[in-house]
Amino acid sequence: MASISVPENIRAFLLDIEGTTTPITFVKDILFPYIRENLEAYLSAHWEEDECKQDVHLLKKQAEEDLRQNKACPVHAVDQTVHTDEEKAIREVVDSVLWEMAADRKTTALKQLQGHMWRAAYLMGKIKGEVYPDVVPSIRQWRHHGLQIYIYSSGSVEAQKLLFRYSVEGNLLDLFDGHFDTNIGAKVESKSYENIVVKIGCQPEEIMFLTDVTREAKAAEDAGMNVAVVVRPGNMELTEEERNKYRTITSFNQLELSGNV
Ligand SMILES: [Mg+2]
């Protein structure tokens, strides 16, 4: 297993999550199915709570907006077995959410409900954030060498913190010095990495960014950061050109610290 020596001037690692610290399938195979399977039970249990009412209100406004714009909408066939208005109302919300998810919509209304459901699931231990086995030992070692560790993911900072707070390896939040999401900018734009450099308060070349996506690696590189592309099972396959252009690792323990403080 070839290792890469980390440049001596590196003071911080910036880590992507999906495809880097965590299997890319976590969202597709764990998080989204959880919503589909538990949606009706969740709505029934929390229907009278303010937070749930707000979520439902937002979803209804979204559905109305979709209707105005003539987007395809779910057909709400009234089930003959429905006994109460509440059951019917819940059924309609379920249909609407499932339709939005099937269409891969990224509406605020959908994201907000999903966020609340995942938070509850993490808190109850029904979901645990996955991390590859090499991640935690490597980060501990880097920290031992005085390096700082930051996360940059398109998932919200709140979602990132849930994943690491309730991970398969326990509460990992102490490992990180800070979190960034797309509020700082899109991951494929070099301006975002410039913004992160300012926030961290060091020089771009003192940061090493690890990601599975070469467009993100390029954006970080354009901002002056060091990068390595992480190759994990299930990640999008790199082209030969990409493999030649970027340093790649299949595990964090291939990164070798030498003279780093
Ligand atoms: Mg990724």
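Residues numbered from 1 in each chain as written. Predicted model: local features only at pLDDT ≥ 70, side-chain atom pairs only at ≥ 80, totals over all residues. Heavy atoms only, no water.

In the nomenclature of an unreviewed UniProt entry, the protein corresponds to Enolase-phosphatase E1 from the organism Triplophysa tibetana. According to UniProt, the comment filed for the protein under the heading Catalytic activity (unreviewed entry) is "5-methylsulfanyl-2,3-dioxopentyl phosphate + H2O = 1,2-dihydroxy-5-(methylsulfanyl)pent-1-en-3-one + phosphate". In the Function (unreviewed entry) part of its UniProt record, the protein is described as follows: "Bifunctional enzyme that catalyzes the enolization of 2,3-diketo-5-methylthiopentyl-1-phosphate (DK-MTP-1-P) into the intermediate 2-hydroxy-3-keto-5-methylthiopentenyl-1-phosphate (HK-MTPenyl-1-P), which is then dephosphorylated to form the acireductone 1,2-dihydroxy-3-keto-5-methylthiopentene (DHK-MTPene)." (UniProt positions renumbered as here; feature names shortened; annotations may be inferred.)

Enquirer: Account for helix H4 (residues 108–123), with residues named and values stated.
Expert: In an α-helix, one turn spans 3.6 residues, which is why side chains three or four residues apart end up on the same side. Taking 1.5 Å per residue as the helical rise, H4 with its 16 residues ought to reach 22 Å, and the 22 Å between its terminal C-alpha atoms agrees with that figure. Listed as buried for H4 are Ala 109, Leu 110, Leu 113, Gln 114, His 116, Met 117, Trp 118, Ala 120, Ala 121 and Tyr 122. Summarising the contacts, the buried residues of H4 are in contact with helix H1 (25–46), helix H2 (50–68), helix H3 (85–102) and helix H6 (157–165). A positive phi of about 80° marks Gly 125, the residue just after H4. (Helix = DSSP H or I, 4+ residues; strand = E, 2+ residues; numbered from the N terminus. Expected span 1.5 Å × (residues − 1). Buried < 20%, exposed > 50% of the residue type's maximum accessible area, 1.4 Å probe, protein only. Contact = heavy atoms within 4.5 Å.)

Enquirer: Any details on the pairing of strand E6 (residues 226–230)? Residues and values, ideally.
Expert: Successive side chains on a regular strand alternate, one facing one side of the sheet and the next facing the other. For E6, the tally of buried residues reaches 5 of 5 residues, placing the bulk of the element in the interior. Bridge count for strand E5 (residues 207–211) against E6 is 4 bridges, and the pairing is parallel. Bridging across to E6, Leu 210 finds its partner in Ala 228. In this fold, E5 hands off to helix H8 (residues 214–222), which returns the chain to E6; that crossover is right-handed. Here E6 pairs with strand E7 (residues 248–249) via 2 bridges, running parallel. Following the sheet pairing, Val 230 is matched in E7 by Ile 249. After leaving E6, the chain enters helix H9 (residues 240–245) and then returns to the sheet as E7, a path that is right-handed. (Pairing = 2+ DSSP bridges. Right-handed = clockwise from strand over helix to strand, strands pointing away.)

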